[in-house]
Amino acid sequence: MVYRNPLPIKNIGDPFVLKASDGKYYCYPTTGGLNGFKAWSSVDLVNWHERGIVYQATDKSWGHDRFWAPEVVEYQGRYYMYYSAGWKHNNSLRIGVAVADNPLGPFVDVFDRPMFDFGYAAIDAHVFIDDDGQKYLYYSRDCSENIVDGRHESHIYGVKLNDDLISIGDDPVLLTKPEQDWELKSGPDWLWNEGPFVLKHNGTYYLMYSANFYAGRDYSVGYATARHPLGPFVKYAKNPILASHTEAISGPGHHSVTVSPDNSELFIVYHTHTDPKKGGGDRQVCIDRMGFSPDGTIWVAGPTITEQPMPR
């Protein structure tokens, strides 16, 4: 049995895949033209079925546009959705949290305001729960309002998350900013580190992220490592680990990581541009195998467009 990228989830971006306790996979992407989010479900990580709207903003919602990058955490029998949206109060981007008793929702906002407000635009929330139970939230300080030396830059921050999963306890810590050569291809005036995703392997924390402009061909994935969830992080010298390598692929990025049905394989889930020559916001879902080499570095067997063995 084989599969081939792209998978049948189209006109989306920023795909996050949750493998839930019911054994099914749920994909929550940015859904174009909707002030909310749709979800898809699968039993094998390849064949997906649209399941409809799982979160929908209303007139009473704090957010009113730019609903981006949902991620869902299953914790103690409930499902917590973290998402980005434009705040009615000042039209600045912020992060919200909604909860549900089912992975297909309906997700309902916990607050009538963003989850937190540090006085600047924040997007792309990601939650990591460490082995000791301590919870962390990672996000991107968005380049729409973050100007450094005359450049708009997106930087990744991390902060401790309280056990309730809806509030934070400490001040955020700056973890990464665009500085490697591959991260500067969208420059010189706009630079990105965004879409954080954290893994832990043999005591090392891996902060994976995307760089460059999401609508452009050079959008790619790299990572940095640390001995503590809040750093200091050191970027891998051979970044990026997922990038366009053929004219048939454009902009692989804003990923999540999940495991195969039998838990024996890791898969990176990411989007690419539906039309690689045009780029832009019309994107599709792809998956490829990834893992850790003996020296601790991450390898990714992709991006692929040829037939690949089905996830085990």
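Preceding this section is the structure that the text describes.
Reference entry: report on the structure contained in this document. Computed from a predicted structure; not experimentally measured. (Residues numbered from 1 in each chain as written. Predicted model: local features only at pLDDT ≥ 70, side-chain atom pairs only at ≥ 80, totals over all residues. Heavy atoms only, no water.)

Tallied over the entire structure, the rule returns one cavity of 30 Å³ or more. Quantified by volume, the largest cavity comes out at close to 50 Å³. Elements that contribute at least two residues to the lining of the largest cavity include exactly β2 (10-19), β6 (63-75), β10 (122-129), β17 (193-201) and β21 (253-259). Along the lines of polarity and charge, the residues of the lining of the largest cavity split into six nonpolar, four polar and three charged. (1 Å grid on protein atoms, 1.4 Å probe; cavity = no way out; pocket = protein on both sides within 12 Å on 5 of 7 lines; lining within 4 Å. Points joined across faces, edges and corners; volume = space filled by probe spheres on them. Helix = DSSP H or I, 4+ residues; strand = E, 2+ residues; numbered from the N terminus. Nonpolar A, V, L, I, M, F, W, Y, C, P; charged D, E, K, R; others polar.)

Time to look at unusual backbone geometry. Cis rather than trans, the peptide bond between G105 and P106 has omega equal to 5 degrees. Of note, P106 is situated in the loop between β8 (93-100) and β9 (108-109). Cis geometry marks the peptide bond from N239 to P240; its omega dihedral reads 0 degrees. Looking at the secondary structure, you find P240 in the loop between β20 (234-235) and β21. For N91, which is not glycine, the phi torsion reads 65 degrees and is therefore positive. Mapping N91 onto the fold places it in the loop between β7 (78-87) and β8.

Before going further, it helps to examine the pattern of salt bridges. Evaluated as defined, the whole model comprises 14 salt bridges. For D65, the salt bridge identified is with R66, shortest N-O distance 3.0 Å. The exposure class assigned to D65 is partly exposed, which follows from its relative accessible area of 23%. Between D163 and K135 there is a salt bridge; the shortest N-O distance is 3.0 Å. Of this pair, D163 sits in the loop between β14 (155-161) and β15 (173-176) while K135 sits in strand β11 (residues 135-141), and the two are 28 residues apart along the sequence. Judged by relative accessible area, D163 falls into the exposed class, the value being 55%. Taken together, the shared-partner salt bridges in this structure form one network comprising D130, D131 and K200. (Salt bridge = Lys/Arg side-chain N within 4 Å of Asp/Glu carboxyl O. Buried < 20%, exposed > 50% of the residue type's maximum accessible area, 1.4 Å probe, protein only.)

A few words on the pairing of strand β23 (residues 283-292). In terms of burial, β23 is a largely internal element, 10 of the 10 residues being buried. Residue alternation in β23 divides its side chains into two sets, R283, V285, I287, R289 and G291 and Q284, C286, D288, M290 and F292, and both sets are buried. Summarising the sheet, β23 and strand β24 (residues 298-300) pair through three bridges and their orientation is antiparallel. Considered in β24, the bridge of F292 is made with I298. Connecting β23 to the next strand, β24, in antiparallel fashion are five residues, including G296 with a positive phi near 90 degrees. (Pairing = 2+ DSSP bridges.)

Its boundaries defined by the atoms lining it, the largest pocket holds a volume of some 610 Å³. Around the largest pocket sit 23 residues that line it, and H126, V127, F197, V198 and V257 are the ones nearest its centre. Broken down by secondary-structure element, the contributors of at least two residues to the lining of the largest pocket are β2, β6, β10, β17 and β21. Of the residues assigned to the lining of the largest pocket, the class counts are 15 nonpolar, three polar and five charged.

Function-wise, these values are silent; they only describe arrangement.
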